[in-house]
Structure formats: C-alpha cells, structure tokens
Amino acid sequence: MARLMESNPFVEVATHFFLEDLADKVGIQGLNNYLIGLAKTLANHMPEEEWRDWKEFLEAMRAGDTMLSAFEDVVALTDCCMVTRHSPFERGWREYVKRVGSFSPAHKKVAEFYNKNVKPTAVNSLHIILQTFRAAAAPRVKVAGKSVRYAQIATVWPDGQRMVASDAERPELLKKAGISETKLRMLLRDNAEVWILWTEK
Amino acid sequence: MLDVALVSLINDLSEKAGADGVIQFWQRVGENLASRMGKEAYLGWPSFNVAVREGRTAFSIEGETVTLTDMAIMDVDGDVVGYLYALKQCVFLPTILRVRYTSGDLPRADREVAQEYNDSHHDIAICNFCVFHERFREEVAKNITVSSQPLNCLLLATRGFTGETKISTKNLQKIGINPEHVRALLRNYECVYALEMRGARLKEGD
C-alpha cells in the first residue's frame, strides 16, 4: 500500500459540512449511528491481510503497508503500544478553522453521545470514524493466523482537548501496552493518539 | 481518511436517496459552506488576482489557483470585466487515488451522480464532487465584489482522471470564448472557470 498521497483539505472541509447537514436531518444520535456504519463499511471494503509474525506486522505498520496504518503515521512504541504523532484529521480541521471559522458544535455533541454510550475516547465526530474503523479493521488483519484486536487508550486534539479511557479500563490497557500511567501522560504532550493492538495468546 | 470515508458515504446516500438526492444534498452543502465563508471586497482586478495568487480568497480553499491573465473577459466597450482561472489538479484526484490504493475502485455511485447531474443540470461533471464544487463556486462568487461589483462564476471545462473532458459550450458562449481555446487549456489544467462581474454587458460568442 505504501504511503498514500495527502488528500486535498477542501474535500475534508466539504465532508465536515456534509456531516453537519446530516446532523440537522437525523439528529445527534442518528449522526453517531451513521458515522459508526460509515467506518465499518470502509473497513469492510478493504482487503483482508495476513502477516507471518508480529515483527513483520510491526514493520508493515511503520511503513503504512497495512490498513491499520494506511491513513496515519504510526510509531510502535512497544510491541503492542501504537502512537499516532499527528491526527489524520488535523489538516482538514486547520483548513476549516482558517477558512470557515469555529468548528460546528455538532462535531462535539456527537462525540459526547459516543463517549457516554460507546466508550469515552472521542474528542469529536472524526474520532468516532477513526476508532470504529480501527475496531472493524483489526479483525480483518491476521498475524500468525490470529486476528488482531484493538483498544483505544487516549485521544488528543490539536487544541489540547483530550479523552482518556475510563479509570476502570485504563490499568488493564496500560498493562497490555507495556507503558506506565506516567509514560502515557508524557505521550499525550505531543502525540495525537495512543492505542493498542494485540492477538490472544 | 475522511475523504475515503466520504466516498462510502456517497455510495450509501445514493442507495438511500438516489442520485438526485445526492445532488440536492451536495448543492445544499455547497451553499452552506460558501455562506459560512463570508463576504470579500477588492478594489479592482489586480488586487483580487494578487489575493488569488497569495491564497487569500474564499476560492483558495480549493488549493493553488492559477489566474490566466492572458484570458481576460471584455465587455462590449472593451473593458476587462473578468478572467479565466484554473486548477492544475482536480481537488478530488488525490481522493480517487487514495480510494484506489486502499479499498479498490470508486463506487458506481460516483459515476451515477455525475451522469444524473450532466443529464439534468449542467453537462460538466466528471465526478460526484463536481456537483458540490460548481454550486460552491457560484455561491462564493456572489459574496465577492471587485470594484464594488459582485462576481458571477461560470464553470467552463473539466478533465477527469481517465482523460475524459467536458466543455460547457453554454457558458463559453456567454463570455465569448472559443471552445478550442479552452480545449488547449485542458492539456495543462483539470478545471477551468471564469469569474466575471455580475451584470456586465458581454460580447457573446458566435
């Protein structure tokens, strides 16, 4: 797959407006369902993958050769802990605030709905797409014959807003990631996403 | 990834609301985006064209725009009342390639929406995004004044990823430019449009 060329931010801004128009029509809950369905459809359209072992898979992650890193630059901090340096949505959002103005409240409201009803790791609508996509794409990737599993630990938006997995879930997730709470806070200073991938033993 | 997801969204929407529904949706989104971008005023064409070059106009959201200063539009008195502008690359092209390298090919809905638009509105679309794009530009033009005159945008020609071209004879006629001039421009550019002062008395083409 290799690194994809970057999209034109205009298309992303148009998509934001598309989603805002959709929110007016179907409401916040409807938009949430739509975003989830959209991300699942996208993941299901991408060809399944198989990798010989975890080492080969991690190399593919770094090179952008797997669907799980096709849309973002991912650094594997440990065997299971993935860090996204810059949000894949940052360029589109910057173009939006530069050309149009402040982000529509619909993007925040739908994230609040998602955080309350699904899991508390989305800052705005775009994270619903990204995190649902990863969750739907991971089982389509096999490493040494086993399906990959995914969980989100934390999300940070360019303006500094952050959402972290709940206190109840976090210790287990950090253990799987192989990092401490302190290390997580350090990562959140200058990265966009911290997430984990693993296969069952 | 938002752009690649958009392609799935169009497909889904087309199945639910039909190609005509997608066209209405896109046109509304184009109007909303243009209205959120606000009004602009320029003293004259030189200052507007400098703003285009520096990426300061609402049109600049599309990316790098080339002002074709050798293609001025004249009114019946011989005064310059507009220019042709062009994009080297269609704004949707990177998305087409990103879809190609991630999930395969563009869904059928992309072609269906463009075809429906060509049949029922204006025979100029080479992909579904042209539908949004044309309405967006028309609305943006209304919000920009040059020498206190609001502008009018006319989409003239497009070239698609597979080499297919569309030339709007209807719009070319309005500004008195020969289709052969625009055909030559399509070798270098993928989208050509005109901005002219609204209400200008133009010399129509043959």
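These lines cover the structure that appears in this document, whether it is placed above or below. Quantities reported herein were computed from a predicted structural model and do not represent experimental measurements. (Residues numbered from 1 in each chain as written. Chains lettered and ligands numbered in written order. Predicted model: local features only at pLDDT ≥ 70, side-chain atom pairs only at ≥ 80, totals over all residues. Heavy atoms only, no water.)

1. A few points about the overall build of chain A
Helices and strands together make up the secondary structure of chain A, namely seven helices and eight strands. The C-alpha atoms of chain A give a radius of gyration of 17 Å, which matches the 17 Å a tight globule of 201 residues would have. Projected onto its principal axes, the C-alpha coordinates of chain A cover approximately 45 × 35 × 30 Å. Per-residue burial over chain A gives 57% buried out of 201 residues. (Helix = DSSP H or I, 4+ residues; strand = E, 2+ residues; numbered from the N terminus. Rg over C-alpha atoms; globule rule 2.2 N^0.38 Å. Buried < 20%, exposed > 50% of the residue type's maximum accessible area, 1.4 Å probe, protein only.)

2. Brief notes about the interface of chain A and chain B
Each partner contributes to the interface: chain A provides 40 residues, whereas chain B provides 39 residues. Carbon and sulfur atoms make up 74% of the surface buried where chain A meets chain B, a total of about 3,700 Å² over both sides. Interface area lost by chain A to chain B is led by Phe10, Phe18 and Arg99 of chain A, which between them contribute 23%. At the junction of chain A with chain B, the criterion picks out one salt bridge. Between arginine 28 of chain B and aspartate 21 of chain A there is a salt bridge; the shortest N-O distance is 2.9 Å. Summed over the shared surface of chain A and chain B, the result is seven residue pairs in polar contact (both at pLDDT 80 or more). Of all elements in the fold, only helix 1 (9-45), helix 3 (90-99) and helix 5 (125-137) of chain A reach the threshold of two or more residues within the side of chain A that touches chain B. It is helix 1 of chain A that contributes the most residues to the side of chain A that touches chain B, 19 residues altogether. Class assignment of the residues belonging to the side of chain A that touches chain B gives a composition of 25 nonpolar, eight polar and seven charged. (Contact = heavy atoms within 4.5 Å. Buried area = accessible area lost by both parts, 1.4 Å probe. Salt bridge = Lys/Arg side-chain N within 4 Å of Asp/Glu carboxyl O. Polar contact = N/O pair within 3.5 Å; in protein donor to acceptor, adjacent residues only side chain to side chain. Nonpolar A, V, L, I, M, F, W, Y, C, P; charged D, E, K, R; others polar.)

3. Topic: the packing of helix 1 (residues 2-36) of chain B against helix 5 (residues 129-142) of chain B
Residue and element names in this part refer to chain B. Put simply, helix 1 and helix 5 touch, their axes get as near as 8 Å, and they point 35 degrees apart. Crossing handedness for the pair helix 1 and helix 5: right-handed. Across from Ile23, Trp26, Gln27, Val29, Gly30, Glu31, Leu33 and Ala34 in helix 1, the residues of helix 5 making contact are Phe129, Val131, Phe132, Arg135, Phe136, Glu139 and Val140. Residues belonging to the contact of helix 1 with helix 5 are distributed by class as follows: ten nonpolar, two polar and three charged. (Axes fitted to C-alpha atoms, helices over the stretch in contact; angles between N-to-C directions. Left-handed = near helix turned anticlockwise from the far one by under 90°.)

4. A short note on helix 5 of chain A
All names here are of chain A. Given a rise of 1.5 Å per residue, 13 residues ought to cover 18 Å, and the 19 Å separating the end C-alpha atoms of helix 5 matches this to within 8%. A large share of helix 5 lies buried, amounting to twelve of its 13 residues. Along helix 5, the residues that are buried comprise Ser125, Leu126, His127, Ile128, Ile129, Leu130, Gln131, Thr132, Phe133, Arg134, Ala136 and Ala137. Capping of helix 5 at its N-terminal end is provided by asparagine 124; its side-chain oxygen lies 3.0 Å from the backbone amide nitrogen of leucine 126. (Expected span 1.5 Å × (residues − 1).)

5. Comments concerning the state of the cysteines
Counted according to the given criterion, the structure contains zero disulfides over all chains. Free of any disulfide, cysteine 153 of chain B has its nearest neighbouring cysteine sulfur in cysteine 191 of chain B, separated by 8.6 Å. (Disulfide = S-S within 2.5 Å.)

6. Describing the pairing of strand 8 (residues 193-198) of chain A
Within a regular strand, the side chains alternate between the two sheet faces. All names here are of chain A. Within strand 8, six of the six residues are buried, which leaves the element mostly enclosed by the surrounding structure. In terms of strand pairing, strand 3 (residues 81-84) meets strand 8 through four bridges, oriented antiparallel. Bridging across to strand 8, cysteine 81 finds its partner in isoleucine 196. Here strand 6 (residues 149-156) runs beside strand 8; their pairing, made up of six bridges, is antiparallel. (Pairing = 2+ DSSP bridges.)

7. Side note on the pattern of salt bridges
Residue and element names in this part refer to chain A. Applying the stated criterion to the full structure yields 25 salt bridges over all chains. One salt bridge connects arginine 52 with glutamate 56, and the closest N-O pair in it is separated by 3.4 Å. The exposure class assigned to glutamate 56 is partly exposed, which follows from its relative accessible area of 24%. Between glutamate 181 and arginine 185 there is a salt bridge, and its shortest N-O distance comes to 4.0 Å. Residue glutamate 181 and its partner arginine 185 are located together in helix 7 (residues 181-190), separated by four residues, close to a single helical turn. Under the relative-accessibility criterion, glutamate 181 is labelled partly exposed at 27%.

8. A short note on the sheet that holds strand 4 (residues 141-143) of chain A
All names here are of chain A. An order of 1-4-5 is seen for the three strands of this open sheet, with the pairing classed as mixed. The open sheet terminates on both sides in strands that have one partner only, identified here as strand 1 (49-51) and strand 5 (146-147). Judged from the three bridges that link them, strand 1 and strand 4 form a sheet pairing that is parallel. Each bridged residue has a counterpart across the sheet, and for tryptophan 51 the counterpart in strand 4 is valine 143.

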